Amino acid sequence: QVQLVESGGGLAQPGDSLRLSCAASGFTFSSYAMGWFRQAPGKEREFVGVITWRSGMTYYSDSVKGRFTISRDNAKNTVYLQMNSLKPEDTAVYYCAADRYGSTDYYTTGAYDYWGQGTQVTVSS
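Just so it is clear, the structure is predicted and the values come from calculations on it, not from any experiment.

Peer 1: What's the story with the overall build of the protein in this structure? I'm lost.
Peer 2: Within the protein one finds zero helices and 11 strands. Walking the protein from its N terminus toward its C terminus, one meets helices and strands in the order β-β-β-β-β-β-β-β-β-β-β. At 13 Å, the protein has a C-alpha radius of gyration in line with the 14 Å of a compact globule built from 125 residues. Seen through its C-alpha atoms, the protein measures out along the principal axes to roughly 40 × 25 × 25 Å. Taking all 125 residues of the protein together, the buried fraction comes to 42%. Considering only intrachain contacts with a sequence separation of at least 6, the fraction spanning at least 24 residues in the protein is 58%. Working note: accessible area of the protein is about 6400 Å², and carbon and sulfur atoms make up 45% of it. Taking the average place of the 11 positive charges on the side chains of the protein and the average place of its 11 negative ones, the gap between the two points comes to 5 Å.

What follows is the structure in structure tokens.
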């Protein structure tokens, strides 16, 4: 049974840092590209970033580039999203997702095969 379980969300103040984790099971984690998306109330789910399975290269949306960092630990079947310099506009439910084929359209939700249930991040003073 495939599972992606996010954790680490919560309430943060502007400028703070949070690290999200996504623990995977039920599939060969090391062979999947892993993405992070977020969805704010009333908005569509949007791409945050992705880490490839082979080389560990990362790609980010312009809105988080330079502030967020994705990493993975294949021994622990876990992908991380380190979020620094948080802003109120980062408030959203954050989802991790797994892509079997390392799609070139990694920034779209349709490229992903499995999704987690999400974790809430709220940035407010």
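Peer 1: Any chance you could explain unusual backbone geometry here in plain terms?
Peer 2: Leaving glycine out, the prevailing phi sign among residues is negative, and the prevailing peptide bond configuration is trans. Here Asn-77, not a glycine, exhibits a phi torsion of approximately 55°, which is positive. For Asn-77, the position within the fold is in the loop between strand 7 (68-73) and strand 8 (78-83). In this structure, Ser-85 is a non-glycine residue whose phi angle is positive, near 50°. Among the secondary structure elements, Ser-85 is positioned in the loop between strand 8 and strand 9 (92-99). In this structure Ser-85 comes out as partly exposed when scored by relative accessible area, which is 41%.

Peer 1: Help me out: how do you make sense of the pairing of strand 4 (residues 33-39) in this one?
Peer 2: A regular strand places its side chains on the two faces of the sheet in alternate fashion. For strand 4, the buried fraction is high: six of the seven residues fall into the buried class. Pairing between strand 4 and strand 9: seven bridges, direction antiparallel. In the strand pairing of strand 9, Met-34 is matched with Ala-98. Bridging between strand 4 and strand 5 (residues 46-51) involves five bridges; their strand directions are antiparallel. The residue bridging Trp-36 from the neighbouring strand is Gly-49, located in strand 5.

Peer 1: Even after reading the chapter, I still don't get the sheet that holds strand 8, so can you show me in this structure?
Peer 2: The pairing of strands in a sheet comes from backbone hydrogen bonds and takes either a parallel or an antiparallel form. Read across the open sheet, the four strands follow the order 1-3-8-7; overall the sheet is antiparallel. Across the chains shown, the open sheet's two edge strands, defined by having one partner strand only, are strand 1 (3-7) and strand 7. Taking the axes of each pair of neighbouring strands and ignoring which way they run, one obtains an average angle of 15° across the sheet. Bridge count for strand 7 against strand 8 is six bridges, and the pairing is antiparallel.

The rules we used
- Sequence order sets the numbering: in each chain, residues are counted from 1 along the sequence as written.
- Residues qualify for local features only when their pLDDT is at least 70, as the model is predicted, and side-chain atom pairs are given and counted only at 80 or more; totals for whole chains, interfaces and linings, by contrast, use all residues.
- Just so you know, side-chain values use all the structure's heavy atoms and leave hydrogens and water out.
- Think of it this way: any DSSP run of H or I at least four residues long counts as a helix, any run of E at least two long counts as a strand, and we number them from the N terminus.
- The quantity called the radius of gyration is restricted to C-alpha atoms. Its globule counterpart is 2.2 Å times the number of residues to the power 0.38.
- Remark: exposure states derive from per-residue accessible area (1.4 Å probe, protein chains only) relative to the maximum for the residue type, with buried under 20%, exposed over 50%, and partly exposed in between.
- By the convention used here, residues are in contact when the closest approach between their heavy atoms is within 4.5 Å.
- Where accessible areas are quoted, they stem from the Shrake-Rupley method and a 1.4 Å probe; at the residue level, only the protein chains shown are allowed to cover.
- For this count, His and the chain ends are skipped, Lys and Arg are scored as positive, and Asp and Glu as negative.
- Taken as the charge centre is NZ of Lys, CZ of Arg, CG of Asp or CD of Glu, depending on the residue.
- Whether two strands pair comes down to DSSP finding at least two bridges between them.
- Whenever a helix is involved, its axis is fitted only over the stretch in contact; in every case the axis is a line through C-alpha atoms, and angles between N-to-C directions fall within 0 to 180 degrees.

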